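Commentary on secondary and tertiary structure
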Amino acid sequence: MAEKDYFAEHRGQFQWEDGDYTVTRTTVWSGPGCHDGCGVLYYTKDGKLEKVEGDPDCAYNQGTLCMRCLEMPEVVNNPRRPSKPLKRAGERGEDKWDEITWDEAYDIIEAKVREIWRDYAPESIACMIGTGRANCWQIPYMCYSAFGSPNFCLGFLSGESCFQPRSAAMASMSGDFFIADCSQQFESRYDEENTEWRCPELIINWGCNAVESNSDNFYGGWIVDCMQRGSKMITVDPSLTWLASRSEIWLRLRPGTDGALAMAMLNVMIKEDIYDHDFVEKWCYGFDELAERVKEWTPARAAEICWVDEADIVAAARMYAGAKNAAMQWGLPIDQAVMGIPTAQALNALWALTGNIDNPGGNIVIRNAFDQNVSYNYGYNNLPAEVQAKRIGAEYPLMSKAGFSSTAHSDSILQAIETGKPYPIRMLWLTSTNPIANMASDAPRVYRALKTLDFVVVNDLFLTPTAVAFADLFLPAAMSPERDMQRVWWVPLRGMKKVCQYGECKSDDTIVTEIGKRLHPENFPWNNDQEWTDNILRTETPGYDGGYHELVERDIWVYPGFQYYKHEKGLLRADGQPGFSTPSGRIELWNTVFSLWGYDPLPDWAEPSNSPYSSPELYEKYPFVLTTGARHIEFFHSEHRQPELTSRELYPDPCFEMSPKSAADLDIKEGDWCWLENHRGRCRQKLRINPTLDDRVVRADHGWWFPEKDAAEPSLYGVFDSNINNLLPQCENGVTGYGAPYKNQLCKVYKCTEENSKEMPSICVSTKDGYSKAMDESNGDVKVGAIYNG
Ligand SMILES: Nc1nc2c(c(=O)[nH]1)N[C@H]1C(S)=C(S)[C@@H](COP(=O)(O)OP(=O)(O)OC[C@H]3O[C@@H](n4cnc5c(=O)[nH]c(N)nc54)[C@H](O)[C@@H]3O)O[C@H]1N2
Ligand SMILES: Nc1nc2c(c(=O)[nH]1)N[C@H]1C(S)=C(S)[C@@H](COP(=O)(O)OP(=O)(O)OC[C@H]3O[C@@H](n4cnc5c(=O)[nH]c(N)nc54)[C@H](O)[C@@H]3O)O[C@H]1N2
Ligand code: SF4
Ligand SMILES: [Mo]
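One structure accompanies this document, and this report is about it. The structure presented is a predicted model; accordingly, all values stated were derived computationally and were not measured. (Residues numbered from 1 in each chain as written. Chains lettered and ligands numbered in written order. Predicted model: local features only at pLDDT ≥ 70, side-chain atom pairs only at ≥ 80, totals over all residues. Heavy atoms only, no water.)

1. Thoughts on the overall build of the protein chain
- For the protein chain, the count of helices and strands is 31 helices and 28 strands.
- Computed over C-alpha atoms, the radius of gyration of the protein chain comes to 25 Å, within 12% of the 28 Å expected from 2.2 N^0.38 for 790 residues, which places it in the range of a compact globule.
- With the C-alpha coordinates aligned to their principal axes, the bounding extent of the protein chain is approximately 70 × 70 × 65 Å.
- In the protein chain, which comprises 790 residues, the share counted as buried stands at 66%.
- Put simply, of all contacts in the protein chain between residues at least 6 apart along the chain, 73% involve residues at least 24 apart.
- By element, 49% of the accessible surface of the protein chain is carried by carbon and sulfur atoms, the whole surface being about 26,600 Å².
- Taking the 77 positively charged and 114 negatively charged side chains of the protein chain as two groups, their mean positions are separated by 3 Å. (Helix = DSSP H or I, 4+ residues; strand = E, 2+ residues; numbered from the N terminus. Rg over C-alpha atoms; globule rule 2.2 N^0.38 Å. Buried < 20%, exposed > 50% of the residue type's maximum accessible area, 1.4 Å probe, protein only. Contact = heavy atoms within 4.5 Å. Areas by Shrake-Rupley, 256 points an atom, 1.4 Å probe, with all protein chains shown as cover. Lys, Arg positive; Asp, Glu negative; His and termini not counted. Charge placed at Lys NZ, Arg CZ, Asp CG, Glu CD.)

Set out below in structure tokens:
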């Protein structure tokens, strides 16, 4: 007897009943944690989320899900979740709160904002968010259109070093954004008969572990799908990741040396004359200057710098140049280096020189579905020009004038809080960011600065260390299944349907609308989330024929058409001419706008400031190169640490990795608690032996706090105890303002003993003004110390 096909039976429906359950077909977008957006089926009973499944009818994830979506009911229904707005009852850092109503909360916010307007100016309010969650246009809109401030940015993310450096490099060099083509533009995935898509012959995973991170609207499973269809791989990673272990070539480079490696691959391609002459002649600008620059970047030189074999560099360059189509998926380590921008230029040049530009199975030019463009700049034009000019960080043209991204510069905001220059920042709004646990590179420094503010609002899913330390007001946020909205990032355009409600939690959209209506009602003509989504779909989404209801109930996800080789067809430039949207109309290997702004127009590489070669005296004391924050599937940054969750059960403690030989030399074993320390500070994590690491490299977790520990200071949920961001500098950026050395530091490692663990970092930071400042001065680390004092 043929089995009934459950999914076929419900194809085309957005909601149906299944026994006691209501099943809803929709999209997920954090929180809880991820900045991707997969198709899901939510199973609710009596208004409670009980189960989440991947939707096999969604082309994006094709029925698969990561564990974080599968365990979503544990997060949504977690007993630690606050359900009402909280007003601080005691001092900052004490865990004392009064529950209040939303109206009372809004009254306090309105009064404080008007006070700042009166005593300072609108720009003395800064608004910050974390990474890519479902509020990345709402909070900027509130900042610009309700508070009247140009100072929106990420939560003290040093050098804006998450995707923004790579985006700015791509946009300035090529006028657009590129991504590896795994057929994701087509709803009929992997369909080589009915689409022009062709499986990449080669995929390069460059500092991106997509199967764990699914970052930047790229689902890691797609790489596996392509592997199964024959793609070969090269992986550039200090560790033998699952993807690296399935690669033809694994380049185990020293953290922070990606630029040197890329320059050497360019050198090989040009010297051996194996680049795509036809593409370069027709579509690139500045080839001769690039060729001259990379001449000195021999594979032998890069091999020494990167700690990889010269022969492997040559082989990788040949394999890339020889593939008929090859896609590169790159990641965060590019951004998280002071040389992030020039490194991204070098990688862009690699895919240009191989002609893998907007070709099937290469690196394709992508824009948001239906050209929808609500993002960090949404509502910016509601600000008068003279207020826009006051944006902190406006002196960095790549960041501000060019409009490639319109955030303020986080490190400069920190300095403005510390020094009052160029003007004081007195109020801070933090939505979906937990800077002292995670986002800020120098957690103790940010901790000290934020204590000095007049008014801090934290809007989060949970009471975080950041909330307990600083918030005067805490606003509990709705999670993904509790929200009616849309999602767009590249394609498809996706609808999100609310299926449950937790306590009095409100969505970020609702909070923004309700506050906006009090302060600048003319900018907030919608009355609820559905109407706001409707407004975006009808006014900012040219070519889409529906509103909120059509998207959520009729379409759920929509794929607009996609064309390859858009530069040949005049589809990229505003004037309709063939070419790229740059001053020369070509991909600028020699970057015209950079030269106008006084930056080096060519890619290049230099040693990180703390490295075996640039600071040998530090290296003697701190003999390991430290990379931090490689993603694990269990966690999204500092989320999912609640002890009730499967994530925490599978991964209970913070861990760092080193080679068996290095561990043996230090007489430490798997599972030992150890101190990781450098001249800035220290933290403790547990050793995990990683037999694939270079003996000189250590890889450490980021984002740890312990919701089961005491919330009040000095504990603050133990946030500083295992925080690798006690060891990192803040305000050390590239000349463009972009890039920061999160993934290329030095440290030493020693076993925790009772004797050396008497003063835990939480005590040291929160009661003794310890780390960064104190450590810098005593160790004479001039650079960091000097920057600290402005
Ligand atoms: N599960 C999970 N997924 C996430 C996140 C999360 O916290 N958890 N965070 C999201 C966010 S905001 C981002 S930005 C992305 C980031 O996701 P990815 O871009 O994948 O970046 P990472 O995981 O930080 O690092 C990827 C790989 O780079 C290697 N690596 C370390 N240092 C270097 C280096 O100097 N050079 C090179 N070439 N490789 C190096 C690491 O060993 C790691 O395997 O992930 C997103 N997705
Ligand atoms: N050492 C080191 N540090 C790093 C990194 C690294 O690789 N190494 N990576 C850096 C990078 S790339 C990034 S992007 C940052 C990320 O830093 P953040 O984005 O600040 O991440 P979290 O610390 O997890 O804080 C996010 C908070 O948002 C809440 N939240 C989640 N969804 C929602 C929502 O929809 N609404 C509201 N209101 N709240 C929500 C969560 O509960 C959580 O407390 O970390 C950076 N820090
Ligand atoms: S990538 Fe994983 S965690 Fe993110 S939305 Fe998809 S299934 Fe959920
Ligand atoms: Mo990020």
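2. Considering the site of ligand 1
- Within the structure, ligand 1 sits among 33 residues, and Ser213, Asp237, Asp258, Phe635 and Arg699 are positioned closest to it.
- Within the backbone of Glu212, an N or O atom sits 3.2 Å from a nitrogen atom of ligand 1.
- A distance of 2.8 Å separates an oxygen atom of ligand 1 from a polar atom in the backbone of Gly256.
- A total of 920 Å² of accessible area belongs to ligand 1 in isolation, and the protein chains cover 99% of it. (Near = heavy atom within 4 Å. Polar contact = N/O pair within 3.5 Å; in protein donor to acceptor, adjacent residues only side chain to side chain.)

3. Observations regarding the sheet that holds strand β26 (residues 682-689)
- Strand order around the closed barrel formed by six strands is β23-β27-β24-β26-β25-β28, with mixed pairing between neighbours. Averaged over neighbouring strand pairs, the angle between their axes works out to 45 degrees when direction is ignored.
- Pairing analysis gives three bridges linking strand β23 (residues 624-628) to strand β28 (residues 745-751), with the strands arranged antiparallel. When the bridges of β28 are listed, Leu626 appears paired with Gln745. (Pairing = 2+ DSSP bridges. Axes fitted to C-alpha atoms, helices over the stretch in contact; angles between N-to-C directions.)

4. Side note on the pairing of strand β14 (residues 326-330)
- Among the five residues of β14, five are classified as buried, and the element is accordingly described as predominantly covered.
- Neither face of β14 is exposed, since Ala326, Met328 and Trp330 on one face and Ala327 and Gln329 on the opposite face are all buried.
- Here strand β10 (residues 202-206) runs beside β14; their pairing, made up of five bridges, is parallel. When the bridges of β14 are listed, Asn205 appears paired with Gln329.

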